[in-house]
Amino acid sequence: MPVLALVFNALVWGLSWWPFRQFQQGGLHPLWTTVIMYTLSWLVILLRYPGALRELRRRPALWLVLLAAGTTNTAFNWGVSIGDVVRVVLLFYLMPLWAVLLARLILKEPLSGWSLARVVLALGGAAAILLPEGGGFPLPSGLADWLGLLGGATFALNNVMLRRESASSSPESRALAMFSGGVVVAGGAALAMAGQGLVAWPVLPAPAWLLPLAGMALLFFLSNLSLQYGASRLPANVTAVVMLTEVPAAALSALWLGGGSLDARTAVGGLCILAAALLAAVERRR
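Quick summary incoming for the structure in this document. From a predicted model like this one, the values you see are computed outputs, not experimental measurements.

**Focus on the overall build of the protein**
The number of helices and strands found in the protein is 14 helices and zero strands. In sequence order, the secondary structure elements of the protein are arranged as α-α-α-α-α-α-α-α-α-α-α-α-α-α. Of all 286 residues assigned to the protein, the portion counted as buried reaches 49%. Contacts in the protein between residues at least 24 apart in sequence constitute 86% of all its contacts with a sequence separation of at least 6. For the protein, the accessible surface area stands at approximately 13300 Å², while carbon and sulfur atoms represent 71% of it.

Pasting the structure below:
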């Protein structure tokens, strides 16, 4: 059951790009979709565990979880809605690189030979994906690439902070912090950009859209609970490997439904990034 719970979570995230694009085509920007979904989940947690809000206010470290989780969801949801899904997901999974640096900075973990190998693999994979067609320095080619990188970096920060706070805060307060982040960060970005005319104000073309939106909110809420259930019952190395099922789910669905492409350089870069993630799992096991 814990493995199935993690697979369910990975599949929800890996396939989420398609409904986000459907809502966008219907007039609802992915930022507004994120706000609506996480507001519903936030209300469920708040009504079920009212004390979680008091704990969140008392612990400044959870505010960083709020910002990191909110930025992760905002960047990922926006990135897969506007860019090549395969590229965005692979750049998002540069987490082994960011995790090494952040664990050293925040948790004071030493740099080992394993962690340096992860850095080299991840950097090599990113360079292969970002290398321009005509040659040159490997840099993100557009907003979607930057959003994939930002989402992966803040997800690594979120995971490191959750590890740091696991013994001193309740699961309910951490869940509330993550859902609050989705509302605050995505909502702040949407309001700021809408005020400048860069993002359209939310428009639902018909009441029939409300039911799919509520269903998607429910799926994300259940996927978060599944992640907490599975990750708390399995070794960290097993969790890391199972979560990688998000990559083939996103890539295969994008190739099938026309949401992305896969050339030789992207394939090689993706294999390097996945190898870095698997190496992290091996390191945890050792």
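Back to the write-up after that little detour.
**Considerations on the environment of Leu213**
Relative to the helices and strands, Leu213 resides in helix 11 (residues 210-231). Of the residues examined, Leu213 reaches a relative accessible area of 3% and is grouped as buried. Sequence separation of Leu213 and Ile36 is 177 residues, and the distance between their C-alpha atoms is 8.1 Å. Excluding anything up to four places from it in sequence, Leu213 contacts Phe23, Leu28, Thr33, Ile36 and Met37.

**Examining helix 10 (residues 171-195)**
Along an α-helix, residues three or four positions apart point the same way, because every turn accommodates 3.6 residues. Look at helix 10: 36 Å from first C-alpha to last across 25 residues, which is about the 36 Å you get at 1.5 Å a residue. Phi turns positive one or two residues past the end of helix 10, at Gly197, with a value near 80°.

**Description of helix 13 (residues 246-257)**
An ideal rise of 1.5 Å per residue puts 16 Å on 12 residues; helix 13 measures up with 16 Å between its terminal C-alpha atoms. Listed in full, the buried residues belonging to helix 13 are Glu246, Val247, Ala249, Ala250, Ala251, Ser253 and Ala254. Directly beyond the C-terminal end of helix 13, a positive phi value near 80° is found at Gly258.

**So, the nonpolar core**
In this structure, Met37, Val65, Val89, Tyr93, Leu94 and Phe220 are the most contacted members of the largest nonpolar core, which totals 72 residues. For this core, the leading source of residues is helix 5 (residues 60-82), giving 10 residues. In this view, Phe220 contacts Val12, Trp13, Ser16, Phe20, Met37 and Tyr38; residues no more than four positions away in its chain are not counted.

**Here's the deal with the pattern of salt bridges**
Scanning the entire structure with this criterion turns up one salt bridge. The residue Arg87 makes a salt bridge to Asp145 at a minimum N-O spacing of 2.5 Å. Within this pair, whereas Arg87 is found in helix 6 (residues 85-92), its partner Asp145 is found in helix 9 (residues 143-165), the two being separated by 58 residues in sequence. For Arg87, a relative accessible area of 17% corresponds to the buried category. A residue is classified by how much of its surface remains accessible, and Asp145, at 4% relative accessible area, is buried.

**Structural notes on the packing of aromatic side chains**
Two aromatic rings, taken as a pair, are described by how far apart their centres are and by the angle between their planes. In this structure the tally under the stated criterion is 10 aromatic pairs. Between Phe20 and Phe220, the aromatic rings sit 6.2 Å apart at their centres with planes inclined by 80°, giving edge-to-face as the arrangement. Placement of Phe20 in helix 2 (residues 17-25) and of Phe220 in helix 11 is noted, with a sequence separation of 200 residues between them. For Phe20, a relative accessible area of 0% corresponds to the buried category. Using a relative accessible area of 5% as the deciding quantity, one classes Phe220 as buried. With a centroid separation of 6.4 Å and an interplanar angle of 65°, the aromatic rings of Tyr38 and Phe220 are classed as edge-to-face.

What counts, and at which threshold
- Residues numbered from 1 in each chain as written.
- Predicted model: local features only at pLDDT ≥ 70, side-chain atom pairs only at ≥ 80, totals over all residues.
- Heavy atoms only, no water.
- Helix = DSSP H or I, 4+ residues; strand = E, 2+ residues; numbered from the N terminus.
- Buried < 20%, exposed > 50% of the residue type's maximum accessible area, 1.4 Å probe, protein only.
- Contact = heavy atoms within 4.5 Å.
- Areas by Shrake-Rupley, 256 points an atom, 1.4 Å probe, with all protein chains shown as cover.
- Expected span 1.5 Å × (residues − 1).
- Core = buried A, V, L, I, M, F, W, Y, C linked by side-chain atoms within 4.5 Å.
- Salt bridge = Lys/Arg side-chain N within 4 Å of Asp/Glu carboxyl O.
- Phe/Tyr/Trp six-rings, centres within 6.5 Å; stacked < 30°, edge-to-face > 60°.

Coordinates in, geometry out; function isn't part of it.
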